[in-house]
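# What the coordinates show
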There are 2 protein chains.
Amino acid sequence: MSTSEPTDRYHHGDLKRALVEAALEMLVEGGAEAVGMRELARRVGVSAAAPYRHFRDKQALIQAVAAVGFERFHEAVEGARDGVPEDEQFGAMAEAYVKFALAHPRLYRLMFSAELGQFGDPDLRRAADAAYGSLALAAAKEDPERPGEAAISAWAFVHGLSMLLLDGQLLGVSIDNADPLVRALTRRAAQRIRTTHPA
Amino acid sequence: MSTSEPTDRYHHGDLKRALVEAALEMLVEGGAEAVGMRELARRVGVSAAAPYRHFRDKQALIQAVAAVGFERFHEAVEGARDGVPEDEQFGAMAEAYVKFALAHPRLYRLMFSAELGQFGDPDLRRAADAAYGSLALAAAKEDPERPGEAAISAWAFVHGLSMLLLDGQLLGVSIDNADPLVRALTRRAAQRIRTTHPA
DNA sequence: ACCTGAACACCGTTCAAGT
DNA sequence: ACCTGAACACCGTTCAAGT
């Protein structure tokens, strides 16, 4: 019962947001390949040229989608720390990292695809750095002697594991039954750092 | 001075090979985005429809390109073992793995991109498995108690590290100056496995 | 058996013109 | 200020027809 007309007409400032939302839907449904500017405009009920008032080109639109991906990603990894004893936080965050990738395969892929063009967009860069920061900090805590190396190794491990699982490269392990393996490997990775460099 | 006309005319059986070669060139020059069926046909000097006699569709062509990528990859990783004492082989192969990715960024990306469609093509699957097999075996040797876990962890680590470097995600580290870091991290990963589970 | 020409149904992007 | 209509230069793919 509000005064604003609902669905149609994006002549206010919502077209930009609506485009990103629709792009996220298209991504989830058909992968990055399926996200097209014309089809996007069609979905939102606008002319093919309209999106270009809000995004310079397709890459800019994709970057915006990736940025919201990193925000959600950040929340997921950060949230995994709540109520967890400090010495188990790294393992919990690593597990949450991989589980996010498994839960949002196409979005995760997009976040690390070449289409983003070296993360030139500052918003995207910020969102990505924030997401990584959480895990890097936890990893650095585990290995105070070589904080940089520990963070990179940990990040490489969870990212690589995520990708291999998404690609279906691990024989007998699919997205649906990966949880036990993910749990075991992330905990073991945490333990490994600690054992190598005990406090 | 041979009897066969050189450049033109692929009416024998070479069109298929010529297409894959040209696609590899286009990939190196402009990335996966730049590989198009029409442009490909143009380069090889053939009609736009001709490639479809040899590849069902674009995905099949891309899969063929990825397969030769995995073959070269396999050789590089396997070759890194030559003349290296057995207890240093894993580290050497891990380093070679990452260095291959850094030396052939677009090819490596393609090999792990979603365009390949779950590695349905048997040739591609074989080529990929052979490449992974080398490293997995070396990793399993390092940790005989949990060969599967060790192999997956090692592979995840090198793959993740490669991707992060290609994406330029590591602050201050670019493809050109990554060598020392790559060497340090791969050697440390090898050491970590050994220390955690000494023979 | 292998390739061409022409066509179909799309793209991303631009730009004058509308409101 | 924001959007439309129409156009430009492309795509991937198919299919009858040529040799």
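Not measured: the values here are computed from a predicted model.

## A few points about the packing of helix 1 (residues 15-30) of chain A against helix 2 (residues 37-44) of chain A
Residue and element names in this part refer to chain A. Between helix 1 and helix 2, whose axes approach to 9 Å, the crossing angle comes to 115 degrees. With respect to each other, helix 1 and helix 2 are oriented roughly perpendicular. Crossing hand, helix 1 versus helix 2: right-handed. Contacts between helix 1 and helix 2 pair Leu15, Ala18, Leu19, Ala22, Ala23, Glu25, Met26 and Glu29 from the former with Glu39, Leu40, Arg43 and Val44 from the latter. The residue makeup of the contact of helix 1 with helix 2, split by class, is eight nonpolar, no polar and four charged.

## So, the side chain of Glu149 of chain A
Within the secondary structure, Glu149 of chain A is located in helix 7 (residues 147-167). Side-chain polar atoms of Glu149 of chain A contact the side chain of Arg188 of chain B, separated by 2.6 Å. Filtering out sequence-adjacent residues up to four positions away, Glu149 of chain A remains in contact with Ala184, Leu185 and Arg188 of chain B.

## Remarks on the packing of aromatic side chains
Residues and elements named next belong to chain B. The full count for this structure, using the stated rule, is 22 aromatic pairs over all chains. Ring centres 5.0 Å apart and planes at 55 degrees place the aromatic pair Phe73 and Phe100 in the tilted group. Within this pair, whereas Phe73 is found in helix 3 (residues 58-79), its partner Phe100 is found in helix 4 (residues 89-103), the two being separated by 27 residues in sequence. Of the residues examined, Phe73 reaches a relative accessible area of 0% and is grouped as buried.

## A short note on the domain arrangement of chain A
All names here are of chain A. Split into domains, chain A comes out as domain 1 (1-55) and domain 2 (67-196). Each of domain 1 and domain 2 has a C-alpha centre, and these two points are 30 Å apart. Each partner contributes to the roughly 510 Å² buried at the junction of domain 1 and domain 2, and carbon and sulfur atoms together form 71% of this total. By the criterion of area lost to domain 2, the three top residues of domain 1 are Leu24, Leu27 and Ala32, representing 67% of everything that side buries. For the pair domain 1 and domain 2, the number of links is zero salt bridges. Summed over the shared surface of domain 1 and domain 2, the result is two residue pairs in polar contact (both at pLDDT 80 or more). Residues belonging to the side of domain 1 that touches domain 2 are distributed by class as follows: five nonpolar, two polar and one charged.

## Looking at the pattern of salt bridges
Residue and element names in this part refer to chain A. All told, the structure shown has 28 salt bridges over all chains when counted by the stated rule. Close ionic contact of Asp167 with Arg109 constitutes a salt bridge, the shortest N to O distance being 2.5 Å. With Asp167 in helix 7 and Arg109 in helix 5 (residues 105-111), this pair connects stretches of sequence that are 58 residues apart. Classification of Arg109 as buried rests on a relative accessible area of 18%. Taken together, the salt bridges that share partners define one network made up of Glu95, Lys99, Asp179, Arg183 and Arg187.

Calculation rules
- Residues numbered from 1 in each chain as written.
- Chains lettered and ligands numbered in written order.
- Predicted model: local features only at pLDDT ≥ 70, side-chain atom pairs only at ≥ 80, totals over all residues.
- Heavy atoms only, no water.
- Axes fitted to C-alpha atoms, helices over the stretch in contact; angles between N-to-C directions.
- Helix = DSSP H or I, 4+ residues; strand = E, 2+ residues; numbered from the N terminus.
- Parallel < 35°, antiparallel > 145°, perpendicular 65-115°, else oblique.
- Left-handed = near helix turned anticlockwise from the far one by under 90°.
- Contact = heavy atoms within 4.5 Å.
- Nonpolar A, V, L, I, M, F, W, Y, C, P; charged D, E, K, R; others polar.
- Polar contact = N/O pair within 3.5 Å; in protein donor to acceptor, adjacent residues only side chain to side chain.
- Phe/Tyr/Trp six-rings, centres within 6.5 Å; stacked < 30°, edge-to-face > 60°.
- Buried < 20%, exposed > 50% of the residue type's maximum accessible area, 1.4 Å probe, protein only.
- Domains from an automatic or database assignment.
- Buried area = accessible area lost by both parts, 1.4 Å probe.
- Salt bridge = Lys/Arg side-chain N within 4 Å of Asp/Glu carboxyl O.

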